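So the chains spell out like this:
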Amino acid sequence: MRWSALSLFGFLSLFAATPSVQAAGEDYGVLIISRERLEVATSCEIGVYIQDQLSARLFQEQSTSFNLPPGTVSLRLKLLPGQAPGCNPGMLAPGSQNITLKAGDVLKFRIAMTQEGMYLKPTALDY
């Protein structure tokens, strides 16, 4: 009786150790967006828009990450109105940036600034 109970528990543990069939079909890539460097000379909050949907808000020294399905992702950065003076967004909509993400990718970008506005600059993961 004791051996049958132990073999039953051992057999059930094999099912717990194998990944489920549903998880095998759910591939995704990881996108990390960082504002850790002081490249953007503003204390305003920056909104990260994915496919024209506000997905994250970043202050200085913050970063965020997303698990996204593979494919082309449209990203847009925009200053958000806030409590600090001068943080009102402009009238023109900022341009979008397309990033291609493959299943299993881990891509990291940091927010940088030019005269044309903010953009995402590829950077090393630096674990």
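The name that an unreviewed UniProt entry assigns to the protein is 3-isopropylmalate dehydratase, with the source organism given as Pseudomonas mandelii.

Draft legend 1. Structural context of the side chain of K108. Mapping K108 onto the fold places it in strand β7 (residues 106-114). What K108 contacts, discounting residues up to four positions off in sequence, is I32, S34, E36, K121, P122, T123, A124 and L125.

Draft legend 2. Seen up close, the sheet that holds strand β1 (residues 29-34). Across the sheet, which stays open at both edges, the four strands sit in the order β4-β1-β7-β8 with mixed pairing between neighbours. Edge strands, defined here as strands with exactly one partner in the open sheet, are β4 (63-68) and β8 (117-123). On average, each strand axis in the sheet is inclined to that of its neighbour by 30°, with strand direction left out of account. Alignment of β1 against β4, held across six bridges, turns out to be antiparallel. Along β4, the bridge assignment pairs I32 with S65.

Draft legend 3. Unusual backbone geometry, seen in detail. Its identity is not glycine, yet Q51 carries a phi of approximately 50°, on the positive side. As for its position among the elements, Q51 is in the loop between β2 (46-50) and β3 (53-58). With a relative accessible area of 44%, Q51 lands in the partly exposed category. Positive phi, normally seen in glycine, also occurs at E61, with a value near 65°. Examined against the element boundaries, E61 turns out to sit in the loop between β3 and β4. Given a relative accessible area of 52%, E61 falls into the exposed group.

Here is what the cut-offs are and how they apply
- Residues numbered from 1 in each chain as written.
- Predicted model: local features only at pLDDT ≥ 70, side-chain atom pairs only at ≥ 80, totals over all residues.
- Heavy atoms only, no water.
- Helix = DSSP H or I, 4+ residues; strand = E, 2+ residues; numbered from the N terminus.
- Contact = heavy atoms within 4.5 Å.
- Pairing = 2+ DSSP bridges.
- Axes fitted to C-alpha atoms, helices over the stretch in contact; angles between N-to-C directions.
- Buried < 20%, exposed > 50% of the residue type's maximum accessible area, 1.4 Å probe, protein only.

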